[in-house]
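Given next are the chains, with one letter for each unit.
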Amino acid sequence: DAGVIQSPRHEVTEMGQEVTLRCKPISGHDYLFWYRQTMMRGLELLIYFNNNVPIDDSGMPEDRFSAKMPNASFSTLKIQPSEPRDSAVYFCASTHWVGTNTGELFFGEGSRLTVL
Amino acid sequence: GDSVTQMEGPVTLSEEACLTINCTYTATGYPSLFWYVQYPGEGLQLLLKATKADDKGSNKGFEATYRKETTSFHLEKGSVQVSDSAVYFCALSTGTASKLTFGTGTRLQVTL
């Protein structure tokens, strides 16, 4: 079975450019999460969706960040304009809620973003 | 709010040594507790979990016991291997659809 698929795996861009990260969750999963990982702050939850609807975006750092989920099989995280402090690994994760707190998130391999 | 505190790394051990990575938590409500592992260049994957007090989660030789009285969930392994080298994350969830709060991670390096 295919896992969570993220693209691109690596992105190098210059400050001020727009960056779009993509995620395809596991088929049948109704929750999707975007996390950011840095050495300084560890793993931070940015936003999560349930049935394509954003539920909690309190972790989105500022208006330069936006996320969408137009359908059950695709989500994007966009940064516009990008800044060097946005350099991090961005993870997408998905899960299926079965009414009990299983806590098992399935993570993609991440998109490593470097903003020069 | 919810929080997880892990021991700082890196932890460097020789193969076959015993491992303990400490984890304590603060939570509103009754959390479920998890250990995730991240191998180099990969995403996180669930290692083990425990959903109620005194439960012991185990997988791949790793164990952790949910201790409500000490609000702890320490990860242990009796004999580590080089292949265990990774970053280990303690996490908790208090019920909102698997929304997890992670610790900062502990890097383990196992040498021959």
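Heads up: these notes are all about the structure in this document. (Residues numbered from 1 in each chain as written. Chains lettered and ligands numbered in written order. Predicted model: local features only at pLDDT ≥ 70, side-chain atom pairs only at ≥ 80, totals over all residues. Heavy atoms only, no water.)

## Concerning the state of the cysteines
Phase 1 of the analysis: In the structure shown here, the tally under the stated rule is two disulfides over all chains.
Phase 2 of the analysis: The disulfide partner of Cys23 of chain A is Cys92 of chain A, and the S-S distance across this bridge is 1.9 Å. Disulfide Cys23 of chain A-Cys92 of chain A: torsion about the S-S bond near -70 degrees, hence left-handed. In this pair, Cys23 of chain A sits in strand β3 (residues 19-24) while Cys92 of chain A sits in strand β9 (residues 88-95), placing the two residues 69 residues apart along the sequence.
Phase 3 of the analysis: Between the sulfur atoms of Cys23 of chain B and its disulfide mate Cys90 of chain B the distance is 1.9 Å. Between Cys23 of chain B and Cys90 of chain B, the S-S torsion sits near -70 degrees, and that sign places the bridge as left-handed. With Cys23 of chain B in strand β4 (residues 23-26) and Cys90 of chain B in strand β10 (residues 86-93), this pair connects stretches of sequence that are 67 residues apart.
Phase 4 of the analysis: Note on Cys18 of chain B: no disulfide assigned, nearest cysteine sulfur contributed by Cys23 of chain B at a separation of 20 Å. (Disulfide = S-S within 2.5 Å. Helix = DSSP H or I, 4+ residues; strand = E, 2+ residues; numbered from the N terminus.)

## Here we look at the interface of chain A and chain B
Phase 1 of the analysis: Taken together, the 20 residues of chain A in the interface contact 21 residues of chain B.
Phase 2 of the analysis: At the boundary of chain A with chain B, total buried surface from both sides reaches about 1700 Å², with 55% on carbon and sulfur atoms.
Phase 3 of the analysis: Summed over the shared surface of chain A and chain B, the result is zero salt bridges.
Phase 4 of the analysis: At the boundary of chain A and chain B, one finds three residue pairs in polar contact (both at pLDDT 80 or more).
Phase 5 of the analysis: Put simply, the parts of the chain that give the side of chain A that touches chain B at least two residues each are β4 (31-38), β5 (42-50) and β9 of chain A.
Phase 6 of the analysis: Ranked by the residues each element gives to the side of chain A that touches chain B, the list is headed by β4 of chain A, at four residues.
Phase 7 of the analysis: Among the residues making up the side of chain A that touches chain B, the classes are represented as ten nonpolar, six polar and four charged. (Contact = heavy atoms within 4.5 Å. Buried area = accessible area lost by both parts, 1.4 Å probe. Salt bridge = Lys/Arg side-chain N within 4 Å of Asp/Glu carboxyl O. Polar contact = N/O pair within 3.5 Å; in protein donor to acceptor, adjacent residues only side chain to side chain. Nonpolar A, V, L, I, M, F, W, Y, C, P; charged D, E, K, R; others polar.)

## Quick notes on the sheet that holds strand β3 (residues 19-21) of chain B
Residues and elements named next belong to chain B.
Phase 1 of the analysis: The strand order across the open sheet formed by four strands is β3-β9-β8-β7, and the pairing between neighbours is antiparallel. A strand with exactly one partner marks an edge of an open sheet, and here the two such strands are β3 and β7 (56-59). The average undirected angle you get between the axes of adjacent strands in this sheet is 15 degrees.
Phase 2 of the analysis: Relative to strand β9 (residues 75-77), strand β8 (residues 62-65) runs antiparallel, the two sharing three bridges. If you follow Phe62 over to β9, its bridge partner there is Lys77. (Pairing = 2+ DSSP bridges. Axes fitted to C-alpha atoms, helices over the stretch in contact; angles between N-to-C directions.)

## Points about the nonpolar core
Residues and elements named next belong to chain B.
Phase 1 of the analysis: One finds Leu19, Trp35, Leu47, Leu48, Phe73, Leu75 and Tyr88 to be the most contacted residues of the largest nonpolar core, which totals 26 residues.
Phase 2 of the analysis: Of all the secondary-structure elements, those providing two or more residues to this core are β2 (11-14), β3, β4, β5 (32-38), β6 (44-50), β8, β10 and β12 (106-111).
Phase 3 of the analysis: Ranked by residues supplied to this core, first place goes to β10 with four residues.
Phase 4 of the analysis: Those residues within four positions of Tyr88 in sequence are excluded, and the remaining contacts are Gln6, Ile21, Trp35, Tyr36, Val37, Leu47, Phe62, Leu75, Gly105, Thr106 and Leu108. (Core = buried A, V, L, I, M, F, W, Y, C linked by side-chain atoms within 4.5 Å. Buried < 20%, exposed > 50% of the residue type's maximum accessible area, 1.4 Å probe, protein only.)

## Some points on the pattern of salt bridges
Residue and element names in this part refer to chain A.
Phase 1 of the analysis: Applying the stated criterion to the full structure yields twelve salt bridges over all chains.
Phase 2 of the analysis: The partner of Arg85 in a salt bridge is Glu83, with the nearest N and O atoms 2.6 Å apart.
Phase 3 of the analysis: The partly exposed category is assigned to Glu83, whose relative accessible area is 23%.
Phase 4 of the analysis: A cluster of three or more residues bridged by salt bridges with shared partners is formed by Glu62, Arg64, Glu83, Arg85 and Asp86.

## Thoughts on the packing of aromatic side chains
Two descriptors summarise a pair of aromatic rings, namely the distance from one centre to the other and the angle between the planes of the rings.
Phase 1 of the analysis: Here the structure, examined in full by the defined rule, presents 14 aromatic pairs over all chains.
Phase 2 of the analysis: Their ring planes at 40 degrees and their centres at 5.7 Å tell us that Tyr35 of chain A and Phe107 of chain A sit as a pair that is tilted. Of this pair, Tyr35 of chain A sits in strand β4 while Phe107 of chain A sits in strand β10 (residues 106-107), and the two are 72 residues apart along the sequence. No difference in accessibility class separates Tyr35 of chain A from Phe107 of chain A, as the two residues are buried.
Phase 3 of the analysis: Aromatic pair Phe107 of chain A and Tyr36 of chain B: ring centres 6.0 Å apart, planes at 75 degrees, arrangement edge-to-face. Separated into two different chains, Phe107 of chain A in strand β10 and Tyr36 of chain B in strand β5 make up a pair that spans both.
Phase 4 of the analysis: Three or more aromatic residues joined by ring pairs form one cluster here, namely Tyr31, Phe33, Tyr35, Tyr48, Phe91 and Phe107 of chain A together with Tyr36, Phe89 and Phe102 of chain B. (Phe/Tyr/Trp six-rings, centres within 6.5 Å; stacked < 30°, edge-to-face > 60°.)

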